[in-house]
Structures are given as C-alpha cells and as structure tokens.
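Coordinates in review
What follows is the residue order along each chain.
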Amino acid sequence: MEKYPRYLTPDSQPFNPLEIAKKTEEIVCRNSMRKYTAFYTVGVYRGIATGYAVGCCLRCFYCWVGLGRDFPERYGEFFSPLEVVKNLERAGRKRGVRKCRISGGEPTLCRNHLLNVLKLIENNSWFELFILETNGILFGADEGYVRALTPFTKIHVRVSLKAGNEDGFQQRTGAIGKFYQLPFKAIENLFEAGISFHVAAMTDPRIMPKEERKALIKRLAEIDSRIALNLEEEVVDPYETTLFRLKKAGIKLAWYR
Ligand code: SF4
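Below is a summary of the structure that appears in this document.

A closer look at the overall build of the protein
Looking only at helices and strands, the protein has ten helices and nine strands in total. Relative to the globule expectation of 18 Å for 257 residues, the C-alpha radius of gyration of the protein, 17 Å, shows essentially globular dimensions. Across the protein, every contact between residues at least 6 apart in sequence was considered, and the portion connecting residues at least 24 apart equals 76%.

The following block contains the structure:
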C-alpha cells in the first residue's frame, strides 16, 4: 500500500485513487457505519439537508471540504445509516426542505453504508430527493455499483469532472493521470443504466486550459449531446480550506471581485 496522501504539495507523488479509496475506507467505514462531522441544512439546491462525511479518494488542490479529507483518522464520528437518515430528517424538517445529500467527502466510499442510507431514504416519507454528488471514480471502476442504484427512485446523481485529459487530472487531483477516464466511464455507466444524472465540471479558466475544456465537452458529447449541453460549469471559490490547499500546492490564483 502506498503512503497515505494528504493535501498536495509541489513534491507530491501521484497515487492510484482506487488504492486510496480502499485505504480511506479502512479509516472511515466500520461495518455499515461511516464517519461524519456534522448534519445541517444549507442553501445550495434551494435548501438541502446535508450530512458531512469524512474521506475522499482524490486530493483536488482547490477542494473546499474540511481537513477530514486529508486527515480522516483525526475527524468525525461513526454513524449508522439509520442515525444518518434521522439526523438528515431532523435538519430537513427544521428548515422545511425535502432534499438531502451526503457531502464533505466522497459519498461512494463505504458502499454498504451508502446503499443502506439510500434504502432508508426510499422508504422515508419526508424526503423526496437524494442528490448523490460524486467524483465518479468508484462508479467508473465498477459498473455493478451503478447498477445497484437502479431500484432507487428518489436519487439524482451529479458527477463532478475534474479534468479533460491525463495531465490536468494528475496536476489538479494528485491521482495518476490515466485514471482521468474513470469519471467519464461512470457517466457512460449511469447513462446505460438509465439513472437520473447530470454532469458538472471544474472548468474555471484559471486552472483549466481552453483546449482541455474543449476536449472535455467533446468527450461528453460523444456519450450523448444532451449531457454536454446540460454541463454545469464550476469556478474555484476562495473558501478558507481552498486557500490553505492552494498555498500548500504552490498554486497562485487571481481572485475575482
Ligand atoms: S473536490 Fe471533491 S473529489 Fe476533489 S478532493 Fe474535494 S471532495 Fe474529493
């Protein structure tokens, strides 16, 4: 097993994200439980109850989530699927919102935990929608994982692309470049399985060259033109954790006013 990667630095060695997913799962998953740091409702998606999970298999230098991403052994407590859904429902009812998600890390880690949360959401009378935000690494590596989502009627998946080529992927996520194909494979798997989804991409021109953005959109259009047309494009925001990680990686960005 390779050394566990933290935030990126100019000396970081590229890692295999599937190996890091496994290593992270050893830290943040226990039976069907997963580590979380908090549950509350936030304003995105016009209000969504959110469970902040710990742990991810990428190390994007612009990432905004808490430092539990980099030091999962130090953050969070274990929650069962039932406790997670109860906490989400409490947060949702408090603000009258019927959507929920797991954020703060990669929700597809701890597969057993996620599938059990989805089962409970399916039978929950309060929630109408679960938005599954993912970097697409595990859904790209395992078509069977995507097929396991087909019984759930309340789920919408948002796949967030980090790059349109190998170099961009390695530079921004810290993972070995060739793995940039996995999130595209995840999109193909979701498309073929008929699951509701859309694609987002971090195409901020300060970090993604024009040619790479074009290649990313072309690749999406090759799967289906509607996926490319509905692309949600993201920009880097100056959250405290983002600024910290940019600094550690030695990246300087001009900030918009
Ligand atoms: S931006 Fe998303 S995929 Fe990238 S490190 Fe942060 S949580 Fe993981």
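Thoughts on the environment of Tyr180
Examined against the element boundaries, Tyr180 turns out to sit in the loop between helix 6 (166-173) and helix 7 (181-193). The spacing of Tyr180 and Gly164 is 16 residues in sequence and 7.4 Å in space, taken between C-alpha atoms. If we skip the residues at most four places from it in the chain, Tyr180 touches Ala163, Asn165, Glu166 and Phe169.

Here we look at the site of the ligand
For the ligand, the full set of nearby residues is Cys56, Leu58, Arg59, Cys60, Cys63, Val65, Arg69, Gly105, Glu106 and Asn135. A per-class count over the shell around the ligand returns five nonpolar, two polar and three charged.

Some words on unusual backbone geometry
A positive phi is found at Asn31, a non-glycine position, where the angle reads about 50°. Considering the arrangement of structural elements, one finds Asn31 in the loop between strand 1 (29-30) and strand 2 (33-42). With a phi angle near 60°, Arg46 is a residue other than glycine that sits in the positive phi range. The topology assignment puts Arg46 in the loop between strand 2 and strand 3 (48-53).

What counts and what doesn't
- Residues numbered from 1 in each chain as written.
- Predicted model: local features only at pLDDT ≥ 70, side-chain atom pairs only at ≥ 80, totals over all residues.
- Helix = DSSP H or I, 4+ residues; strand = E, 2+ residues; numbered from the N terminus.
- Rg over C-alpha atoms; globule rule 2.2 N^0.38 Å.
- Contact = placed C-beta atoms within 7 Å.
- Near = placed C-beta within 6 Å.
- Nonpolar A, V, L, I, M, F, W, Y, C, P; charged D, E, K, R; others polar.

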